[in-house]
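Coordinates in review
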Protein chains: 2
Amino acid sequence: MTASAYMRIAQLLESLVANGSLRPGDALPSVRAAAAQQRVSKGTIIHAYATLEARGFVEARPQSGFYVRARTHAGNALPQRGLTRPAVTRTSSRARVRDTLGDLVGSKVTSLGSSFPDPSLFPMQALNRAMAASSRSNSFAKTVADLQLGLPDLRHAIAQRYLELGYVVPMEELVVTCGGMEAISLALQAVTKPGDLVLVDSPMFFAGLQLIEQLGLGVVEMPTGVDQGFNLGVLDRTLDRHKIAACLLMTNCQNPLGFCMEEAKKRDLVELLRRRGVPLVENDVYSELQFALRQSRAAKAFDADGLVLHCGSYTKSLAPGFKIGWVAAGRFREAIVNRKFATTLGTSVPPQSAIAHYLKEHSFERHLRTLRQTLVGRVNQMSLAVGQYFPKGTRFTQPQGGYVLWIQMPEAVDSFALFEVAASHEIGIAPGPIFSARPGYRNFIRLNCSHPWSPSLEAAVRWLGRAAGTACSEK
Amino acid sequence: MTASAYMRIAQLLESLVANGSLRPGDALPSVRAAAAQQRVSKGTIIHAYATLEARGFVEARPQSGFYVRARTHAGNALPQRGLTRPAVTRTSSRARVRDTLGDLVGSKVTSLGSSFPDPSLFPMQALNRAMAASSRSNSFAKTVADLQLGLPDLRHAIAQRYLELGYVVPMEELVVTCGGMEAISLALQAVTKPGDLVLVDSPMFFAGLQLIEQLGLGVVEMPTGVDQGFNLGVLDRTLDRHKIAACLLMTNCQNPLGFCMEEAKKRDLVELLRRRGVPLVENDVYSELQFALRQSRAAKAFDADGLVLHCGSYTKSLAPGFKIGWVAAGRFREAIVNRKFATTLGTSVPPQSAIAHYLKEHSFERHLRTLRQTLVGRVNQMSLAVGQYFPKGTRFTQPQGGYVLWIQMPEAVDSFALFEVAASHEIGIAPGPIFSARPGYRNFIRLNCSHPWSPSLEAAVRWLGRAAGTACSEK
């Protein structure tokens, strides 16, 4: 009861900030006044205010109270779309992308280029204890069926989590995978054959583009806004014009744009695809990192026909390095099991067992609350620094979840050139062009904000901003 | 010194049995006489005789001494080849195979159909302690490079093992994979494109055929003898006739035939393929399960040009369920790393760390000695039972390693029919036709001999033999 009361109040205040009723600098009501007004205890109000503070919405001023925070990027211009209409790429020559990926892999002193979360964000000690405890009681996969589908205990826990999030995915539909990437790979393979066209966002995470290329698929990139993704009318017309075998989309915490699609739009998307019989591979590996107090359900929640292949992972939410993901495969479970049989056969058992043990013994929800609050703070810090140090005309996203910032610099800046000079200073960044199958995003970069804020991190961002500024003044 | 002395003597006696100088029932020299003759201690002779006993070559008779064992299958007829000439299959319709695989996956009371080793063969307690210990000190993959290539500690241990086996594979060439199956899958993908032809043994392990089919590859199956594999002259002429993109072969403990190719033949094979520039994907996941005291090195040992992609695994030798394999990729490392980036991205860290820890703290060699001796005994038991219970005219292999028996029953027996009636009695077997892309091996089955011998196991084999006999008498 208490938990939902403080959350309800925090959500109310957050929506007042969002719709402009409360503006930066406005004072929140005193704890005593708010408690009387809302008919809750003062403890509940304190809990709500502390939550909003941790999430970066308000700040406490000593001897004075809580004030709505001046979020520097509130007035910030958002990045522009890279495309005005859908673009088809049959075969791309992404040699430069491959070279870049090779460099991204290198160990940089300040690694802002990869999409790997900072390891300090995760409950490593508790996971290690779970690993040790589950090892002792581990009987390993008894049957080949367990090996192929994944440990029943873990599949049960995943099905439970779907229930907690407010929808039903039976455990029979779940196949545990070697991380989210295998989930996406198997899902795509289950619904396409070489030569087919896959519809995706532009920009989109580059590993997905690599995968599409390696599977011999063509790609239709949709013009995607930083707010709610692409327009469903444009999608409808694109499906008229092209034979699309499947869509591969992120509906929550889109990488690199950071938006979460509203549930109503997800429902419409699923309905539109259902009418045309087009499967949706929903890459939802950042699902649990939404900043809003009320988590938006996945498109999978509206999938009555088994056409949505929902891909999840513990890599970004709980246990990086364990490489445990899953796919809720809808009507394609058999195709995915067959594929897995001939690719990795099964998923390593001890990490599955450790995660199942952790989820039984600990509050995943509590860990996620801390994780989201930490990420909100780090994204805010990075946003402040980018706003401060990057040249005039720079635009960047206001992520609704995850931990990456998508930055549009002035036209004069070539992100590959910046990537190279930054690398020579041991700073890793992800240049914009690798996020598309076609040339584009020349003056965009993506930064990873998951690392703890520090003087050296700030110095790196300052250095980047100045290097971008120098590029502008040289033109 | 002592270890090599006893092994030298055991090898000498083994070769005398092999070439017929010592026959079943012959007495070995007394311990005293042998010690004097070989100029070693009596302890060394006792150690050598005990080793031969454990390996099933000799038996101790109380108050009498050691005698060469009457190996029931010594006079046994070997199975015949399924092919007389190479056969090309462009696209197979293996629907029935897929159905069968689905059933193999089911949990049978007596599972003789899968190729999974019995879990009791492995040092699970020591591995669990290693998992717990390495979890505590685990820093997880620090860089993306570690994640993609595998833990440096483990790659170092694998490179060390190659050295112990007598050849050099630098750790830079190694990529750790999600089990041996991913190693083979990545290796094949690195050297082929859809539509290419791959040359394989016939019969061969069915998961490999599934993989080839799913990658859109055609297959050339070679007539393969149960002794030393296919004829290199036939290989040469086949390479003249067909454009072969790669060979996928098992050179040690071939599954299902059980032979180990001699090193001289492996050298010739590598040289022949080198001259024609054809890569060899060497599936060597059973390598450590050779029964001979002197382990035969892989074809990789003779690979001076980086054309051999050597695929190994700990699944059959140390840690089933951990799903940790590797590929020594030769000149194809970059292609494999790129592929892995877009399929599973990386391999789970804790199991890698646990295996590295185990290999540091324990004697892998000692575990393998015990494992091989146990498997020799179990394969012998199964051979005895098959010889005793199966109908007249049944032929079966004398495996030089591994734990499967390839059985040719009389023509009248349909192995799919036997498979189905056995399944209804909760006995799982692998029917012969799934080991080929083309119709064939109708009256063959493969049995898994890794399970501890027991009255219920014997009853299952007796039941199978009688069912096969009934099929014969009904014709």
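See the structure above.
Below you will find a few notes about this structure. (Residues numbered from 1 in each chain as written. Chains lettered and ligands numbered in written order. Predicted model: local features only at pLDDT ≥ 70, side-chain atom pairs only at ≥ 80, totals over all residues. Heavy atoms only, no water.)

Describing the overall build of chain A
Looking only at helices and strands, chain A has 16 helices and 16 strands in total. Projecting the C-alpha coordinates of chain A onto the three principal axes gives extents of approximately 65 × 60 × 45 Å. A total of 475 residues make up chain A; the buried ones form 61% of that total. Within chain A, counting contacts between residues at least 6 apart in sequence, those at least 24 apart form 77% of the total. Looking at chain A as shown, the accessible area adds up to about 18,300 Å², and 51% of this sits on carbon and sulfur atoms. The positive charge centre, built from 53 side chains, and the negative charge centre, built from 38, are 3 Å apart in chain A. (Helix = DSSP H or I, 4+ residues; strand = E, 2+ residues; numbered from the N terminus. Buried < 20%, exposed > 50% of the residue type's maximum accessible area, 1.4 Å probe, protein only. Contact = heavy atoms within 4.5 Å. Areas by Shrake-Rupley, 256 points an atom, 1.4 Å probe, with all protein chains shown as cover. Lys, Arg positive; Asp, Glu negative; His and termini not counted. Charge placed at Lys NZ, Arg CZ, Asp CG, Glu CD.)

Brief notes about the interface of chain B and chain A
Buried accessible area, meaning the area lost when the parts come together, often serves as the stated size of an interface. On the side of chain A, 44 residues touch chain B, which itself brings 44 residues to the contact. Together chain B and chain A conceal approximately 3,900 Å² of surface at their shared face, both sides included; 68% is due to carbon and sulfur atoms. For the interface between chain B and chain A, the tally reads 0 salt bridges. Joining chain B to chain A, the criterion identifies 12 residue pairs in polar contact (both at pLDDT 80 or more). Contributing elements (two or more residues each) for the side of chain B that touches chain A: helix 4 (95-105), helix 5 (124-136), helix 6 (144-149), helix 8 (179-191), helix 9 (206-214), helix 12 (333-341) and helix 13 (349-361) of chain B. (Buried area = accessible area lost by both parts, 1.4 Å probe. Salt bridge = Lys/Arg side-chain N within 4 Å of Asp/Glu carboxyl O. Polar contact = N/O pair within 3.5 Å; in protein donor to acceptor, adjacent residues only side chain to side chain.)

Points about the packing of aromatic side chains
Enumeration over the complete set of coordinates arrives at 22 aromatic pairs over all chains. On the numbers, 5.5 Å between centres and 70° between planes, the contact of Trp406(A) with Tyr441(A) is edge-to-face. Linking Trp406(A) in strand 13 (residues 404-408) with Tyr441(A) in the loop between strand 15 (430-431) and strand 16 (444-448), this pair joins segments that are 35 residues apart in sequence. Looking at Trp406(A), the relative accessible area reads 1%, which means it is buried. Cluster of aromatic residues (ring-pair linked, three or more members): Phe206(A), Trp406(A), Phe435(A), Tyr441(A), Phe444(A) and Phe341(B). Positioned above the aromatic ring of Tyr67(A), the side-chain terminus of Arg61(A) is 4.0 Å from the ring centre. (Phe/Tyr/Trp six-rings, centres within 6.5 Å; stacked < 30°, edge-to-face > 60°. Lys NZ or Arg CZ within 6 Å of the ring centre and 35° of its normal.)

Description of the relation of the copies chain B and chain A
In screw terms, the move from chain B to chain A is a rotation of 180° and a rise of 0.1 Å along the axis, fitting with an RMSD of 0.2 Å. Taken together, these values place the two copies in the relation of a two-fold axis. For chain B, the residue whose C-alpha comes nearest the rotation axis is Ala132(B), separated from it by 2.0 Å. (Least-squares fit on C-alpha atoms with pLDDT ≥ 70 in both.)

Considerations on the nonpolar core
If you look at the biggest cluster of nonpolar residues, it comprises 240 residues, and the most contacted ones within it are Leu154(A), Tyr314(A), Leu154(B) and Tyr314(B). Leave out the neighbours within four places in its chain, and Tyr314(A) touches Leu154(A), Ile158(A), Ala319(A), Pro320(A), Ile324(A), Trp326(A), Ile355(A), Leu359(A) and Phe364(A). (Core = buried A, V, L, I, M, F, W, Y, C linked by side-chain atoms within 4.5 Å.)

Side note on the pattern of salt bridges
All names here are of chain A. Enumeration according to the criterion identifies 34 salt bridges over all chains in this entry. Where Glu 365 meets Arg 161, a salt bridge forms, and the shortest distance between an N and an O atom there is 3.0 Å. With Glu 365 in helix 14 (residues 364-389) and Arg 161 in helix 7 (residues 152-165), this residue pair connects regions lying 204 residues apart in the sequence. Among the residues examined, Glu 365 registers a relative accessible area of 31% and is labelled partly exposed. A relative accessible area of 11% means that Arg 161 is categorised as buried. Within the structure, one salt-bridge network assembled from shared partners comprises Arg 161, Glu 164, Glu 288, Glu 365 and Arg 372.

Some points on the pairing of strand 6 (residues 197-202) of chain A
Residues and elements named next belong to chain A. Here strand 6 lies mainly inside the structure; 6 of its 6 residues are buried. For strand 6 and strand 7 (residues 218-223), the ladder comprises 6 bridges, and the chain directions are parallel. Each residue of the ladder has a partner; that of Val 198, found in strand 7, is Val 219. Each parallel crossover has a hand, and the one from strand 6 via helix 9 (residues 206-214) to strand 7 is right-handed. Relative to strand 8 (residues 244-249), strand 6 runs parallel, the two sharing 4 bridges. The residue bridging Val 198 from the neighbouring strand is Ala 246, located in strand 8. (Pairing = 2+ DSSP bridges. Right-handed = clockwise from strand over helix to strand, strands pointing away.)

Topic: the packing of helix 5 (residues 124-136) of chain A against helix 13 (residues 349-361) of chain A
All names here are of chain A. Interaxial distance between helix 5 and helix 13 falls to 8 Å at its minimum, and their mutual angle equals 115°. It follows that helix 5 is roughly perpendicular to helix 13 by the angle criterion. Judged by the sense of rotation from one axis to the other, the crossing of helix 5 with helix 13 is right-handed. Within the contact between the two elements, helix 5 uses Ala 126, Leu 127, Ala 130, Met 131, Ala 133 and Ser 134 and helix 13 uses Pro 350, Pro 351, Ser 353, Ala 354, His 357 and Tyr 358. Split by residue class, the contact of helix 5 with helix 13 holds 9 nonpolar, 3 polar and no charged. (Axes fitted to C-alpha atoms, helices over the stretch in contact; angles between N-to-C directions. Parallel < 35°, antiparallel > 145°, perpendicular 65-115°, else oblique. Left-handed = near helix turned anticlockwise from the far one by under 90°. Nonpolar A, V, L, I, M, F, W, Y, C, P; charged D, E, K, R; others polar.)

Things to note about the state of the cysteines
Residues and elements named next belong to chain A. Counting across every chain of the model gives 0 disulfides over all chains. Here Cys 311 is not disulfide-linked; the sulfur of Cys 247 is the nearest cysteine sulfur, at 13 Å. Free of any disulfide, Cys 449 has its nearest cysteine sulfur in Cys 253, 13 Å distant. (Disulfide = S-S within 2.5 Å.)

Side note on helix 8 (residues 179-191) of chain A
End to end, helix 8 of chain A covers 19 Å across 13 residues, agreeing with the expected 18 Å (1.5 Å per residue, within 8%). The element helix 8 of chain A is largely enclosed, with a buried count of 13 among its 13 residues. (Expected span 1.5 Å × (residues − 1).)

Some thoughts on unusual backbone geometry
The peptide bond linking Ser202(B) to Pro203(B) adopts the cis configuration, its omega dihedral lying at 0°. Positionally, Pro203(B) belongs in the loop between strand 6 (197-202) and helix 9. Of note, the amide linkage connecting Asn255(B) to Pro256(B) takes the cis form, showing an omega dihedral of 15°. Tracing the backbone shows Pro256(B) in the loop between strand 8 (244-249) and helix 11 (263-276). Backbone geometry at Arg39(A) places phi at a positive 55°, although glycine is not the residue there. Backbone geometry at Cys253(A) places phi at a positive 50°, although glycine is not the residue there. Inspection of the secondary structure assignment puts Cys253(A) in the loop between strand 8 and helix 11 (263-276). Assessed through its relative accessible area of 3%, Cys253(A) is described here as buried.

Everything listed here is a matter of geometry and, on its own, says nothing about what the molecule does.
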